[in-house]
Structure formats: structure tokens, C-alpha cells
Amino acid sequence: MKLKTLLGASLLVAAWAGGAFAQTRLVTLGTQGGPLPSTARSQPANALMVGDKVYVIDAGDGVLRQLYAAGIDLRKVRQIFITHDHDDHNAGWGSLLGVQWDLGIWPVDVYAPSAKSMMNGFLQYFSVNARIRQADSKSGKLPPEKAFHAHDIQGNGLVFKDDLISVTAQENCHYKVDPAADAKRGKQDRSYALRIQTPDKTIVFSGDTGQCPALTAFAKDADLLVHEVIDLPLTREMMRRQHVPDAVADGMMRHMTEEHTVPEDIGLLAKAAGVKKVILTHLVPGGDEPDSRYTDGVRKHFSGPVEVARDLMVFE
């Protein structure tokens, strides 16, 4: 499997150099569920390559390095989509924008539930760096506040459309319906699945979500269902190994059980939606356990192909 990943990345670079990108390709840049880091996997991020454009879906820590490792030209990245505002999904987008600004790559648009708030934070922490570099380079760089644009995803429906893709959002079930929690989170704090239509593919990204009836219709007949997955017994075992206090572990396991998805439920969703292929990502715990810990449960209900993603794998 590691060979397949490295070979996929090598072919990606070669195909890019040859200009052979007429069809849709998905690169799973990071496949580890966070927020804790891993030496084996980068945090959640994907690159959707269509024609001569690259669209980034989620941008966890390490996304910039992973784009370079995949041989992707940053000049091709002009849209970034964040499914929800947890740090394992958005911690890397500021670093990506910073390097794009250094290289004179703009405009870049970011779409997220709280994109404007995140952009304000980025512009504030980046301002000193920008001021120094503008003075040093004397290159007349465009000010960052004019180079980058933020767009809040404010509900279900069309988020973005250009000549190659359309992106539609559907609120998923990652944030449990709880009036007390909703009051603390705020109305803008939402989590979304994304359905992306390209000239030759329909790809649905579940985002982080628990069991969610709304996703059945949303994922209907998709070519690829890119879905998060968790193994609950292994996750609890991991917490014990890391000596997480029982009271803390109990709260974390409640979240993991109610607001993430086990393999069997992914299989039921994939079957009901009639998707053609399932790609499992955002693995928790995402250690050295065999793929079968995740795929067997899906296959109990779904007869189509199921694959566990690793960093830098390429799917067509």
C-alpha cells in the first residue's frame, strides 16, 4: 500500500508535467483524524484536480507540505473549501495563503462556515510578516487583505460554481443537536458535507459527521463517497494507552460515538445512496491497525469497492 501511495504521487507529478489532466483526480493529502498529530499521516486535506485547476477541500496542519509532496503547483490553487472549523481541518490554510502571497499567487478565495472570522485572524497575525517582506522585496506586492477573499457558508445550497465545478453544501450531523451546546457555539458554527460536480465525476465529501439521514439523498449516485471513519474500540484502547483520565475519556468517547461514523453505518449510507465507490479517510485512531478494521464493517452492507485512503493516494 505504501508503494501504491508513492507511485501515485510520482505519476501525479509526471502527468502534471505532461499536461494530461483532462479528467478529475482526487489526491488525499492528509488522512488522519485529529486533533493529535501523527508521524504516519498528515491531518485532513484533499486536492481535487480538474482540468488546469486545483481545489483544496479541508486544510489541516501540513497541507502545504503535502501539496508540495504531491507535486502540485500552488499557482493552480485558487479556491479552498473548509467543511467545518475544527483545527484539524483548518490549521494549515493560513500557512498555505502565506506562501501563496510570498510567491505572488492571488486572488485566492476561502469558503468555510466562519471564513471571514478566520481571515481576519490570519490577516492580523500575518501583517508583521507582510510589512517586513514588502519593505525588503520592494516588489509592490498586493496587500494581503486585497489578495485573499473569505466567504462564509451560511446554509445548505450552492456554495461555488465556475466553468469546471459546482460545490453544494449540506449540513451534516457532526455537531449534536443540543440547545445548550448550540448557545455556546453560535449560529455560525456549522459542519457541512460537500457535493462537488465536475465534468466527469460526482464526489461527495462527508466532512466529520455522525450517522446522518440527510446525507442519503445528498450522496445519491455519487461516483466517490469520501467518508470519515472511526473504530470505537481501538479509539478507547488508544486513550487507555495514553493514560487519558476516565472522566475526560468518557466525554471524548461520547463525542466520538455520537458525532463520528463507524464502518457499518457508512456501509448502510453507501448502499442506500447507491454510490459507486467508498473512500475512507479521517481515520481514527489511524494507527498501524489493518485496513480490514475499517473496510469489513462497510462491506457488511455495501457491495461496491471500498478503499482506505493514505496520504498522497490518487483516485480517478
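Look up a bit, the structure's there.
Residues numbered from 1 in each chain as written. Predicted model: local features only at pLDDT ≥ 70, side-chain atom pairs only at ≥ 80, totals over all residues. Heavy atoms only, no water.

Caption draft 1: Just the nonpolar core, in detail. Among the nonpolar cores identified, the biggest contains 35 residues, and Leu-29, Leu-67, Ile-80 and Leu-97 are the most heavily contacted of them. In terms of residues, this core owes the most to one element, helix H5 (residues 115-137), which gives six residues. Leave out the neighbours within four places in its chain, and Ile-80 touches Val-56, Ala-59, Leu-96, Leu-97, Val-108, Asp-109, Val-110 and Tyr-111. With 25 residues, the next largest nonpolar core counts Ile-165, Leu-194, Ile-196 and Met-313 among its residues. (Core = buried A, V, L, I, M, F, W, Y, C linked by side-chain atoms within 4.5 Å. Buried < 20%, exposed > 50% of the residue type's maximum accessible area, 1.4 Å probe, protein only. Helix = DSSP H or I, 4+ residues; strand = E, 2+ residues; numbered from the N terminus. Contact = heavy atoms within 4.5 Å.)

Caption draft 2: Quick peek at the state of the cysteines. This structure, assessed with the given rule, holds one disulfide. Cys-173 shares a disulfide with Cys-212; S-S distance 2.3 Å. Of note, the bridge from Cys-173 to Cys-212 carries an S-S torsion of about 65 degrees and is right-handed in sense. Note that Cys-173 is positioned in the loop between strand E8 (166-171) and helix H7 (179-185) and Cys-212 in the loop between strand E10 (202-205) and helix H8 (214-218), a separation of 39 residues in sequence. The exposure class of Cys-173 is partly exposed, given its relative accessible area of 25%. (Disulfide = S-S within 2.5 Å.)

Caption draft 3: A look at the packing of helix H9 (residues 232-241) against helix H10 (residues 246-259). Following both chains from N to C, one finds H9 and H10 inclined at 160 degrees, their axes separated by 11 Å at the closest point. By the angle between their axes, H9 is roughly antiparallel relative to H10. Classified by chirality, the crossing of H10 by H9 is right-handed. Of the residues in H10, those in contact with Leu-232, Thr-235, Arg-236 and Met-239 of H9 are Asp-246, Ala-249, Asp-250, Met-252, Met-253, Met-256 and Thr-257. (Axes fitted to C-alpha atoms, helices over the stretch in contact; angles between N-to-C directions. Parallel < 35°, antiparallel > 145°, perpendicular 65-115°, else oblique. Left-handed = near helix turned anticlockwise from the far one by under 90°.)

Caption draft 4: Here's a closer look at the pattern of salt bridges. Enumeration according to the criterion identifies 16 salt bridges in this entry. Its salt-bridge partner being Asp-73, residue Arg-75 comes within 2.6 Å of it at the nearest N-O pair. By relative accessible area, which is 19% here, Asp-73 ends up buried. Between Glu-258 and Arg-254 there is a salt bridge whose closest N-O contact spans 2.8 Å. Of this pair, Glu-258 and Arg-254 both sit in helix H10, four residues apart, roughly one helical turn. With relative accessibility at 35%, the residue Glu-258 sits in the partly exposed group. The class of Arg-254 is partly exposed, set by a relative accessible area of 40%. A single salt-bridge network, built from bridges that share partners, covers Lys-53, Asp-162 and Asp-163. (Salt bridge = Lys/Arg side-chain N within 4 Å of Asp/Glu carboxyl O.)

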